[in-house]
Amino acid sequence: QVQLVESGGGSVQAGGSLRLSCVASGHTTAYYSMAWFRQAPGKEREGVAALYTGGGRTYYANSVEGRFTISRDNAVNALYLQLNSLKPEDTATYYCAARMGFLVGARLSPNNYNFWGQGTQVTVSS
């Protein structure tokens, strides 16, 4: 089992920044595919960014490309999401997700992940 705990959410004005963190515990010795998702009330869960802890590639949704950055620190089992130039439409609950092993495709599909955190709220006001 892997436990994921997100932190770093908050309320900011449009144009501001936040840095989200996800710390993993439990079985963390293997390489994992990890991703950030978000879900606003009444909308489907949306993949935001993804990476593989055993590689260097990153993947982004078109809506956040150039504004958000996903990164990791394997030494402390942490995943990060830097959110810059925030817009009101970025308001959502942000979730950290993981699955063991490498994903060849569909890295931003929630159906490909089986470990989830409880989420952290990001609210962006205009």
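Above this note sits the structure.
Only a predicted model underlies this, so the values are computations on that prediction, with no experimental measurement involved. (Residues numbered from 1 in each chain as written. Predicted model: local features only at pLDDT ≥ 70, side-chain atom pairs only at ≥ 80, totals over all residues. Heavy atoms only, no water.)

Caption draft 1: Focus on the packing of aromatic side chains. Scanning all chains against the criterion turns up 5 aromatic pairs. Geometrically, the ring pair formed by Phe 37 and Tyr 113 is edge-to-face, given 5.4 Å between the ring centres and 75° between the ring planes. Of this pair, Phe 37 sits in strand 4 (residues 32–39) while Tyr 113 sits in the loop between strand 9 (92–100) and strand 10 (115–116), placing them 76 residues apart in sequence. When sorted by exposure, Phe 37 lands in the same class as Tyr 113, which is buried. With centroids separated by 5.1 Å and ring planes inclined at 50°, the aromatic side chains of Phe 37 and Trp 116 adopt a geometry described as tilted. In this pair, Phe 37 is assigned in strand 4 and Trp 116 in strand 10, connecting sequence segments 79 residues apart. For Phe 37, a relative accessible area of 0% translates into the label buried. Of the aromatic side chains, those joined through ring pairs into one cluster are Phe 37, Tyr 95, Tyr 113 and Trp 116. Above the plane of the ring of Tyr 95 lies Arg 45, whose end atom (NZ or CZ) is 4.0 Å from the centre. Over the face of the ring belonging to Trp 116 we find Arg 45, whose NZ or CZ atom lies 4.9 Å from the ring centre. (Phe/Tyr/Trp six-rings, centres within 6.5 Å; stacked < 30°, edge-to-face > 60°. Helix = DSSP H or I, 4+ residues; strand = E, 2+ residues; numbered from the N terminus. Buried < 20%, exposed > 50% of the residue type's maximum accessible area, 1.4 Å probe, protein only. Lys NZ or Arg CZ within 6 Å of the ring centre and 35° of its normal.)

Caption draft 2: View of the pattern of salt bridges. All told, the structure shown has 3 salt bridges when counted by the stated rule. Glu 46 serves as the salt-bridge partner of Arg 38, at 2.9 Å between the closest nitrogen and oxygen. Residue classification places Glu 46 among the partly exposed residues on the basis of a relative accessible area of 29%. Across the salt bridge formed by Asp 90 and Arg 38, the nearest N and O atoms sit 2.8 Å from each other. Taken together, the residues Asp 90 in the loop between strand 8 (78–83) and strand 9 and Arg 38 in strand 4 connect sequence positions 52 residues apart. Exposure remark for Asp 90: the relative accessible area of 0% places this residue in the buried category. One network of salt bridges, with partners in common, ties together Arg 38, Glu 46, Arg 67 and Asp 90. (Salt bridge = Lys/Arg side-chain N within 4 Å of Asp/Glu carboxyl O.)

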